[in-house]
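Coordinate inspection notes
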Amino acid sequence: MTAGSATLGTWLYLGKPFVFALERMVTVMVITCPHALGLAVPLVVSVSTSISARKRILIRNREAFERAKDVQVVVFDKTGTLTEGKFEVTDIIPLDELSEERILKYAAALESYSEHPIAQGIVEKVKEKKIELYDVKDFKAIPGKGAQGVINGREVLIVSPQFLKEKGLWKEDERVNNVLEQGKTVVFLVIGGKLVGALALADKIRPESREAVKRLHEMGVKAYMLTGDNAKVAKWVAEELGLDGFFAEVLPHQKSEKVQELQNKGLIVAMVGDGINDAPALIQADVGIAIGAGTDVAIESADIILVKNDPRDVITGIHLARATYRKMVQNLAWATGYNTFAIPLAAGILYRYGILLSPAAGALLMSLSTVIVAINARFLKA
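Here goes a summary of the coordinates provided. (Residues numbered from 1 in each chain as written. Predicted model: local features only at pLDDT ≥ 70, side-chain atom pairs only at ≥ 80, totals over all residues. Heavy atoms only, no water.)

**Regarding the pairing of strand β8 (residues 194–205)**
Of all twelve residues that make up β8, ten are buried, and the element is covered over most of its length. Across eight bridges, the pairing between strand β3 (residues 83–94) and β8 is antiparallel. Paired with phenylalanine 87 across the strands is aspartate 203, a residue of β8. Two strands pair when backbone bridges link them, and strand β7 (residues 185–191) and β8 are joined in this way by seven bridges, in the antiparallel orientation. If you follow threonine 185 over to β8, its bridge partner there is leucine 201. From the end of β7 to the start of β8, which pair antiparallel, there are two residues, and glycine 192 there has a positive phi angle of about 60°. (Buried < 20%, exposed > 50% of the residue type's maximum accessible area, 1.4 Å probe, protein only. Helix = DSSP H or I, 4+ residues; strand = E, 2+ residues; numbered from the N terminus. Pairing = 2+ DSSP bridges.)

**Regarding the side chain of serine 301**
Its location among the elements puts serine 301 in helix α13 (residues 296–301). Not counting residues within four places of it along the chain, the set of residues in contact with serine 301 comprises Ala279, Leu282 and Ile283. (Contact = heavy atoms within 4.5 Å.)

**Observations concerning unusual backbone geometry**
Its identity is not glycine, yet lysine 130 carries a phi of approximately 55°, on the positive side. As for its position among the elements, lysine 130 is in the loop between α6 (117–129) and β4 (137–142). Notably, aspartate 138 is not glycine yet its phi reads approximately 55°, a positive angle. Topologically, aspartate 138 is positioned in strand β4. Residue classification places aspartate 138 among the exposed positions, given a relative accessible area of 64%.

**So, the sheet that holds strand β11 (residues 269–273)**
Pairing in this open sheet of seven strands is mixed, and the strands run β1-β13-β12-β11-β2-β9-β10 from one edge to the other. Strand pairing shows two members of the sheet lacking a second neighbour, β1 (57–59) and β10 (245–247), which therefore form its edges. This sheet shows a mean twist of 20° between the axes of neighbouring strands, independent of strand direction. Where strand β9 (residues 222–226) meets β10, three bridges bridge the pair, whose relative direction is parallel. Bridging from a neighbouring strand, tyrosine 224 pairs with glycine 245 of β10. Docked against the sheet, helix α10 (residues 231–241) engages β9 and β10, running at close to 155° with respect to β10. (Axes fitted to C-alpha atoms, helices over the stretch in contact; angles between N-to-C directions.)

The structure is reproduced here in structure tokens:
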């Protein structure tokens, strides 16, 4: 209205007929119609929401999603997020003449009768190697310490370090000490009263986690880990994944405090978790991201939900947030730049050179700017 009134007044002052001045005013007002400017951001939002849904990323809080472009640190919960929450055999240590394969075969045969997570990890290792198990007789669980049975006519036990020490069977071995230092869970195989081997197990790290951390580093984003496990386990996982830091032995109510510690350093923090005890930290973080396979409480507390149980989708979400912001800036720049050029043209600044826009031509240019903004939004890619 201001630009149109100024145009009308200027041409009348210069002595032009009222009809001529009115036509210039109408052209200016048609050009300044804020379609392109008004659609610049909503169109990009619409397209980015569609893309995120196709990539199985659900956005519950639009403001938090836009903050994701500025994230400097991503804090991952360990169990169920960076790891699978399942034990995996990482080391088989012969302590006598028995081979690694036979140690595994004896241990798995006995553990196949147990439902303990450690037992399931050992049995899973045998399935991977497609090893046939021994027959077990007289299986018996030793509460809190292991299990025993008879295999090939000999008494076989799979037990904890504490059991060995109680029975006087413990013996120092550098390889066993090394895996214990790494925070791994170690069980021992005893056959006929003789210690013959040890198996070390650790929570299985997701194959996708290594790639996720690597790509975060390439983006200039740091990766941290939160866990209630002891410092040795946390250190081992952190070193395996190349994390920038970790918080170990964190109680559930302390997780949000650790996130706040990073925020107090001036960092913009995203938290990724899946459990009930992750909910306060998800709320505290600048961007809360829940793994879709997690609990309802975690999902309800999050700003963004990853439908797939894949930490790499965190990177996809950050990429999409950054691409969305760039596209918004492009559209706003186009809409503003277009008006900066078109308004003086519509007002008749080039009249002395014989260039004059009619209201119809102004309407065409205005529509064209809207079309360009819409097309540019459609080119958004994550």
